[in-house]
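# Architecture at a glance
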Amino acid sequence: MTRYYQDDSVLVTSESIRVGGDAYRISELTYVWHRRTKRSLRVGARMLSRWMLVTLLTAPLGFGALCAVSALFADWGQRAGAAIIGLALAVVLAIALAPLLEIPLMALERSYDRGTHVHELWVQCRGEERVLVRTSDALRFGQIYRAVQRAVEQNE
């Protein structure tokens, strides 16, 4: 018996697929396919939070660029001094906060790993169509789907 994929709720082997408490023998599967459904409210909220996070990460850069442009085009009086001080402050803040950027950047990366659609893995077993897995985690879904494909190919 070859194990193709295993996590806390799914086990795909060369003999069967176990999802939760249900088991399906590979030899009884007549058809396997997948669907990508519409976005759920949770996925929409994830996309909105991703947009807000990107906006918060780029706002200091915009402030620094605004200070730099105002310093270039300012009269070399009091406004230029304020613009240069603002630019220097933006540079110091960027350098000081750079190590802290790793935390939101990791959250942003994880949000892309989770995907923006809900994926479903369907099988036809004993004449019935059943949904085995439904998830918005694109990486996990791809691993499970490829494992099922390999198990079915080996059984043919």
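Quick note: structure is the one above.
A short tour of the structure in this document, coming up. (Residues numbered from 1 in each chain as written. Predicted model: local features only at pLDDT ≥ 70, side-chain atom pairs only at ≥ 80, totals over all residues. Heavy atoms only, no water.)

If you tally the helices and strands in the protein chain, you get 4 helices and 7 strands. Taking 156 residues into account, the globule formula puts the C-alpha radius of gyration at 15 Å, and the protein chain, at 26 Å, lies well above it. If you line up the protein chain on its principal axes, its C-alpha atoms span 85 × 30 × 25 Å. Burial status across the protein chain gives 29% buried among its 156 residues. Long-range contacts, defined as pairs at least 24 residues apart, comprise 56% of the intrachain contacts of the protein chain with a sequence gap of at least 6. (Helix = DSSP H or I, 4+ residues; strand = E, 2+ residues; numbered from the N terminus. Rg over C-alpha atoms; globule rule 2.2 N^0.38 Å. Buried < 20%, exposed > 50% of the residue type's maximum accessible area, 1.4 Å probe, protein only. Contact = heavy atoms within 4.5 Å.)

So, about a nonpolar patch on the surface. On the surface, Leu89, Leu93, Leu97 and Leu100 cluster together into a nonpolar patch covering about 380 Å² of accessible area. Within the secondary structure layout, Leu97 lies in helix H2 (residues 78-97). Look at Leu97 and you get partly exposed, because its relative accessible area is 44%. (Patch = residues over 30% accessible without salt bridge, like charges linked within 9 Å, V, L, I, M, F, W, Y side chains within 5 Å. Areas by Shrake-Rupley, 256 points an atom, 1.4 Å probe, with all protein chains shown as cover. Salt bridge = Lys/Arg side-chain N within 4 Å of Asp/Glu carboxyl O.)

Within the open sheet, the 3 strands sit side by side as E5-E6-E7. Their pairing is antiparallel. Both edges of this open sheet fall to strand E5 (29-37) and strand E7 (128-135), since each of them pairs with a single strand only. Neighbour-to-neighbour, the strand axes of this sheet turn through a mean angle of 20°, independent of strand direction. In this sheet, E7 lies alongside strand E6 (residues 118-125) in antiparallel orientation, the contact comprising 7 bridges. Paired with Leu121 across the strands is Val133, a residue of E7. (Pairing = 2+ DSSP bridges. Axes fitted to C-alpha atoms, helices over the stretch in contact; angles between N-to-C directions.)

Among the secondary structure elements, Gln149 is positioned in helix H4 (residues 138-155). With 116 residues separating them in the primary sequence, Gln149 and Trp33 have C-alpha atoms 9.5 Å apart.

The next subject is the sheet that holds strand E3 (residues 16-19). Reading across from one edge, E1-E2-E3-E4 is the order of the 4 strands in this open sheet, with antiparallel pairing throughout. Where the open sheet ends on each side, the last strands, each with one partner, are strand E1 (3-6) and strand E4 (22-25). Sheet twist, expressed as the mean angle between neighbouring strand axes with direction ignored, is 10°. The pairing of E3 with E4 spans 4 bridges and is antiparallel. Bridge pairing in E4 links Val19 to Asp22. The strands touched by H4 within the sheet are E1, strand E2 (10-13) and E3, with E1 carrying the most contacts at an inclination of about 155°.

This paragraph deals with the side chain of Ser16. Position of Ser16 among the secondary structure elements: in strand E3. When residues no more than four places from it in sequence are discounted, the contact partners of Ser16 are Leu11, Tyr24, Arg25 and Ile26.

One finds Val12, Ile17, Leu29, Leu121, Leu132 and Ile144 to be the most contacted residues of the largest nonpolar core, which totals 20 residues. No other element matches H4, which puts 6 residues into this core. Setting aside its immediate chain neighbours within four residues, Leu29 contacts Ile17, Tyr24, Val123, Gln124, Cys125 and Val152. (Core = buried A, V, L, I, M, F, W, Y, C linked by side-chain atoms within 4.5 Å.)

We now examine the environment of Thr116. Topologically, Thr116 is positioned in the loop between helix H3 (102-114) and E6. The sequence separation of Thr116 and Lys38 amounts to 78 residues, and the corresponding C-alpha distance is 9.1 Å.

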